[in-house]
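Listed here are the chains, written in short residue letters.
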Amino acid sequence: MTMTSRFDALPQAGKLAAADVLAFALGEIREAVRHAGTSRGFAQVAREAVDAVGKVQLILAKVHEYLAGGHAHLDPEQTKADIRAIVQGLARNDAAVDAAAADKFNG
Amino acid sequence: MKYRRALLYVLPLLFPAAVIAILFLACCGAGAATLSDRANRSLATTLDAVNATREGFLAWDEQHQADILAASSTQGEFEIRISGYRERRRAVVEAFVAAYTAIGAAAGLVGLVAADRATVADLITALEGVADAAVNIKRAIDRVKGDDDP
């Protein structure tokens, strides 16, 4: 499976996670090239770039494996939904008792 | 409604189970892959317990507010008592928010550990934070229940 098809196979949350680690790995590549370019020859730069790409592939494979295995809470939207559930649930209770109070004292 | 009321009795048992699972995870010397699996299972257990506790607290809150209304003979008395209760209740909401945030952060760390971008020590610290946050929910609920007896 090529890296592109592996990326395409990821769910949306996985694409975001993969994009995040890709940005990290690309930073490593840039750093390797910058460092090698100032102190070593072109062959060394190429070797370090290839090593960095290998790291990207390894990380992508791990992200894919991690997503396929399931987990508690990858999506930050889920955390927000859980928090909304308690806030909105209490707001519903408040509204219900306020309405009942209006009936009792004003109705 | 029966389901929600039943949760009130089950929940005190779920929290220690979740906390023990997490502390077990923190104490064991498993490898990174096994640790991630156990972390995910512990987080899922804790998330289930927190969600169940949330439903139980919502059921208790609904009944408690109705009890306050029933025990109030004037609108002024009701407003004072209900506003006082809702103010005290904020600590429970904050405890839930803290727990959900801690769970989300720890779950994110599991992924980072799997991608070698965070250490196992970071993950264990985060899981300990989740355990503390879960216990704090129970404390906050016990406190607001102890303070309110219409």
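Residues numbered from 1 in each chain as written. Chains lettered and ligands numbered in written order. Predicted model: local features only at pLDDT ≥ 70, side-chain atom pairs only at ≥ 80, totals over all residues. Heavy atoms only, no water.

S.K.: Help me understand the overall build of chain B, please; the structure alone is not making it clear to me.
M.R.: When helices and strands are counted, chain B shows four helices and zero strands. Reading the helices (α) and strands (β) of chain B from amino to carboxyl end gives α-α-α-α. Within chain B, the proportion of its 150 residues that are buried is 46%. Of all intrachain contacts in chain B linking residues separated by at least 6 positions in sequence, the fraction that spans at least 24 positions is 77%. (Helix = DSSP H or I, 4+ residues; strand = E, 2+ residues; numbered from the N terminus. Buried < 20%, exposed > 50% of the residue type's maximum accessible area, 1.4 Å probe, protein only. Contact = heavy atoms within 4.5 Å.)

S.K.: How should I be thinking about the overall build of chain A in this particular structure?
M.R.: Each helix and strand in chain A was counted, giving four helices and zero strands. When the helices and strands of chain A are placed in sequence order, the string is α-α-α-α. Buried residues in chain A amount to 28% of all 107 residues. For chain A, the proportion of contacts with a sequence separation of at least 24, taken over those separated by at least 6, is 54%.

S.K.: Is there a simple way to explain the pattern of salt bridges in this structure?
M.R.: It is possible for side chains bearing opposite charge to pair when their charged atoms get close. Enumeration according to the criterion identifies nine salt bridges over all chains in this entry. For R86 of chain B, the salt bridge is made with D98 of chain A, and the minimal N-O distance between the two is 3.1 Å. Residue R86 of chain B is located in helix α3 (residues 75-114), and its partner D98 of chain A is located in helix α4 (residues 76-106); the two belong to separate chains. On the basis of relative accessibility, which here comes to 34%, the residue D98 of chain A falls in the partly exposed class. Between R54 of chain B and E55 of chain B there is a salt bridge; the shortest N-O distance is 3.3 Å. Among the residues examined, R54 of chain B registers a relative accessible area of 10% and is labelled buried. (Salt bridge = Lys/Arg side-chain N within 4 Å of Asp/Glu carboxyl O.)

S.K.: Is there a simple way to think about the interface of chain A and chain B in this case?
M.R.: Quoted interface sizes are often the accessible area lost when the parts come together. Tallying the contact residues gives 27 residues for chain A and 35 residues for chain B. Carbon and sulfur atoms supply 65% of the area buried between chain A and chain B, which totals about 2600 Å² over both sides. Here R54 of chain B makes a salt bridge to D82 of chain A, at a shortest N to O gap of 3.9 Å. At the boundary of chain A with chain B, the tally comes to nine residue pairs in polar contact (both at pLDDT 80 or more). When residues of the side of chain A that touches chain B are traced back to their parent elements, those giving at least two are α2 (12-39), α3 (42-68) and α4 of chain A. Looking at which element gives the most residues to the side of chain A that touches chain B, the answer is α4 of chain A, with 17 residues. Of the residues belonging to the side of chain A that touches chain B, the class tally is 14 nonpolar, seven polar and six charged. (Buried area = accessible area lost by both parts, 1.4 Å probe. Polar contact = N/O pair within 3.5 Å; in protein donor to acceptor, adjacent residues only side chain to side chain. Nonpolar A, V, L, I, M, F, W, Y, C, P; charged D, E, K, R; others polar.)

S.K.: Hey, could you run me through the confidence of the model for chain A in this one?
M.R.: The predicted structure's coordinates, where accompanied by low pLDDT, should not be read in detail. All names here are of chain A. With 29% of its residues at a pLDDT of at least 70, chain A reaches an overall mean of 68. For chain A, the element scoring lowest by mean pLDDT is α3, at 59; α4 scores highest, at 90. In this model, residues 70-74 is a region of pLDDT below 50 whose contacts with residues beyond four sequence positions or in other chains number 17 contacts. (pLDDT = per-residue confidence, 0-100.)

S.K.: Sorry if this is basic, but what is going on with the packing of aromatic side chains here?
M.R.: Describing an aromatic ring pair means giving the distance of the ring centres and the angle of the ring planes. All names here are of chain B. For the structure on display, the rule yields four aromatic pairs over all chains. Pairing F96 with Y100 gives two aromatic rings, centres 6.4 Å apart and planes at 25 degrees, and the pair type is stacked. Here the residue F96 and the residue Y100 both occupy positions in helix α3, the gap between them amounting to four residues, near one helical turn. Assessed through its relative accessible area of 0%, F96 is described here as buried. An aromatic cluster is defined as three or more aromatic residues linked by ring pairs; in this entry it consists of F57, W60 and Y85. (Phe/Tyr/Trp six-rings, centres within 6.5 Å; stacked < 30°, edge-to-face > 60°.)

S.K.: Would you take a moment to explain the packing of α3 of chain B against helix α4 (residues 120-147) of chain B for this structure?
M.R.: The relative placement of two packed helices is expressed as an angle between their axes plus a distance between the axes. Residues and elements named next belong to chain B. One way to put it is that α3 packs onto α4 with a least axis distance of 8 Å and a crossing angle of 165 degrees. As summarised for this structure, α3 and α4 are arranged roughly antiparallel, according to the angle between their axes. At the point where α3 passes α4, the crossing takes the left-handed sense. Among the residues forming the contact of α3 with α4, the class breakdown is 23 nonpolar, two polar and four charged. (Axes fitted to C-alpha atoms, helices over the stretch in contact; angles between N-to-C directions. Parallel < 35°, antiparallel > 145°, perpendicular 65-115°, else oblique. Left-handed = near helix turned anticlockwise from the far one by under 90°.)

S.K.: What should I look at first to understand the nonpolar core in this one?
M.R.: Inside soluble globular proteins, nonpolar side chains tend to come together where they are buried. If you look at the biggest cluster of nonpolar residues, it comprises 40 residues, and the most contacted ones within it are L43, F57, F78, V92, F96, L123 and I137 of chain B. Among the secondary structure elements, those contributing two or more residues to this core are α4 of chain A together with α2 (32-71), α3 and α4 of chain B. At 16 residues, the largest contribution of residues to this core is made by α3 of chain B. Non-local contacts of F96 of chain B, meaning those with residues more than four positions away in its chain, are made with I86 of chain A together with V50, T53, R54, I137 and I141 of chain B. (Core = buried A, V, L, I, M, F, W, Y, C linked by side-chain atoms within 4.5 Å.)

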